Amino acid sequence: MRGEFVAAFSKRKPHFMQHPTAPSLKAEITPNGTIWAKLSGIKRSLSPTAYRLTDTSGKEIPITEVLPNLQTEVLILSEKTLDKRRVYYLEIPESGLKSWCNFDGWFRSMYSSKALGAEVSKDGKSTSIRIFAPRAEEVYVYLYDQMRGGKPSREVLLEKDENGVWQSNFEGDLSGTWYDFTVHGADQPGNHFYKTNPKHISDPYARANDDAWGRSMIMQATKPATALVKGIPKLEDVIAYEVHIQDFTDLLPVDENEKGTFPAFHKPHLRNKLGQPIGFDYLVDLGINVVHLQPVQEYMHHPDELWQEAFKDDPDMIAQDIHLENYQWGYRTSHAFAVENRYRKKGTLPGSERQQFRDLAQAFHDKNMAVII
């Protein structure tokens, strides 16, 4: 009897799932206007009637064929070729699943070897401006003679190439010219094109920018600091010191126009009241071989007037003496290729922060110390 009971029990199916998979649907639009759909936790169907494809207005787009790929993937072919710049939704009504058709299937295959941003030719006879905006329908660039205010001196509709790069070439070296863009596209949910969000945008590839929100400035590439004579130290040999430009220099005995700036950071021969080395000489004397700077790329600052209005009566901010400035450590980078303009010496021209940072790197390289940003 006991053996019969065990045999019977072993044949019973369990009443629980050991490795349940939640039903899910992920959809991507492809470069040729079809839809890849990846399913999990549900049985895959190859019937066009099992799926529903709609645009943002809810209008249904007839599906003509569903082709298998992997065990959990299908390719959805519609009656008309989809505009890959637009927003669509794919549903499996029977399972109650719905997915936005994201752009990864298109973007994943995109590449351009063109230099983005503003580039002055080596001979100085021309300047190119390029921005990557594959979903845009129009992109305009505006050129200005000044950093803020005033009307643009030129407004140019850029041309789009096959890789989503909008571009235009201008005669001459436009270094020192300020510029920004407007990007135009479909008025659809999730989009922030000019029609629904009428804002000018700066260049994410700019070499110099007026804070995080302002215009970009055309600049030629900065000649980099010469490399370390002995090369970058091996990882196991690194002795690093992490430091913030503003915090390290605010109280140094330097001119007011240098406090909180790149030039103060590498100023030699500074001493405290006891005659001990401080600032740059202190770092050199520590015996470190790597200076690890907290962010020096252009980072997010709220406009000063908004910051001051928000915290003018805040006792905590006043106590920390940061109610008058948008103080932070810079971990919200807005322009990865621009140098933080607030670290340049006060009274120097916009864009000069690039050379000043280059001089900082050179000063440490001359002491056989690497600089990490």
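Before any of the text, the structure's been laid out above.
Here's a quick rundown of the structure.

Each value, and the rule that gives it
Residues numbered from 1 in each chain as written. Predicted model: local features only at pLDDT ≥ 70, side-chain atom pairs only at ≥ 80, totals over all residues. Heavy atoms only, no water. Pairing = 2+ DSSP bridges. Helix = DSSP H or I, 4+ residues; strand = E, 2+ residues; numbered from the N terminus. Core = buried A, V, L, I, M, F, W, Y, C linked by side-chain atoms within 4.5 Å. Buried < 20%, exposed > 50% of the residue type's maximum accessible area, 1.4 Å probe, protein only. Contact = heavy atoms within 4.5 Å. Salt bridge = Lys/Arg side-chain N within 4 Å of Asp/Glu carboxyl O. Expected span 1.5 Å × (residues − 1).

### Focus: the sheet that holds strand S15 (residues 208-209)
The strand order across the open sheet built from five strands is S11-S10-S14-S16-S15, with neighbouring strands paired in antiparallel fashion. Only two strands of the sheet have a single partner each, and these edge strands are strand S11 (154-157) and S15. With two bridges joining them, strand S14 (residues 178-184) and strand S16 (residues 216-217) adopt antiparallel strand pairing. Residue Tyr179 lies in a different strand from S16, and its bridge partner there is Ser216.

### Considerations on the nonpolar core
Counting residues in hydrophobic clusters, the biggest one holds 23 residues, and the most contacted among them are Ile35, Tyr51, Leu53, Ile76 and Leu90. Listing elements by their share of this core, those giving two or more residues are strand S1 (24-29), strand S2 (35-40), strand S4 (63-68), strand S5 (73-78), strand S6 (88-92) and strand S7 (97-102). If we skip the residues at most four places from it in the chain, Tyr51 touches Leu39, Arg44, Ser45, Ile63, Val66, Val74, Ile76, Leu90, Glu91, Ile92 and Pro93.

### A word on the pairing of S1
Note that S1 and S2 share six bridges and pair antiparallel. The residue bridging Ala27 from the neighbouring strand is Ala37, located in S2. From the end of S1 to the start of S2, which pair antiparallel, there are five residues, and Gly33 there has a positive phi angle of about 80 degrees. Note: S1 against S7, two bridges, orientation parallel. The residue bridging Glu28 from the neighbouring strand is Asn102, located in S7.

### A few points about the pattern of salt bridges
Inspection of the entire model under this criterion finds 17 salt bridges. Of the charged contacts, one joins Arg207 and Glu119 as a salt bridge, the two residues approaching to 2.8 Å between their closest N and O atoms. On the criterion of sequence distance, the pair formed by Arg207 in the loop between S14 and S15 and Glu119 in strand S8 (residues 117-120) is long-range, its members being 88 residues apart. The exposure class of Arg207 is buried, given its relative accessible area of 15%. Put simply, Arg148 and Asp210 hold a salt bridge, and the shortest N to O gap is 2.6 Å. Here Arg148, found in the loop between strand S10 (138-144) and S11, pairs with Asp210, found in the loop between S15 and S16; they are 62 residues apart in sequence, far enough to count as distant. Given the relative accessible area of 7%, Asp210 is considered buried. Beyond isolated ion pairs, a larger network of salt bridges with shared partners links Asp83, Arg85, Arg86 and Glu137.

### Digging into helix H8 (residues 353-365)
With 13 residues, H8 extends 18 Å between its outermost C-alpha atoms, agreeing within 8% with the 18 Å of an ideal straight helix rising 1.5 Å per residue. Summarising burial for H8: 11 of the 13 residues are buried, a large majority. Among all positions of H8, only Glu353, Arg354, Gln356, Phe357, Arg358, Leu360, Ala361, Gln362, Ala363, Phe364 and His365 are buried.

### Notes on the sheet that holds strand S13 (residues 165-171)
Within the open sheet, the four strands sit side by side as S8-S9-S13-S12. Their pairing is antiparallel. The open sheet is flanked by S8 and strand S12 (159-160), the only strands paired with a single partner. Pairing of strand S9 (residues 126-132) with S13 involves seven bridges; the strand directions are antiparallel. Residue Ile129 lies in a different strand from S13, and its bridge partner there is Ser168.

### Side note on unusual backbone geometry
Notably, Asp211 is not glycine yet its phi reads approximately 55 degrees, a positive angle. If you trace the backbone, Asp211 turns up in the loop between S15 and S16. Residue classification places Asp211 among the buried positions, given a relative accessible area of 13%. Despite not being glycine, Asp321 shows a phi value in the positive range, around 60 degrees. Counting through the fold element by element, Asp321 comes out in the loop between helix H7 (315-319) and strand S20 (333-339).

### A look at the pairing of S5
The buried count for S5 comes to five of six residues, which makes it a mostly enclosed element. Pairing analysis gives four bridges linking S2 to S5, with the strands arranged antiparallel. Of the residues in S5, the one forming a bridge with Lys38 is Glu73. Relative to S5, S4 is paired through five bridges, and the arrangement is antiparallel. Following the sheet pairing, Leu67 is matched in S5 by Leu75. Here S4 hands over to S5 after four residues, the two strands then running antiparallel side by side.

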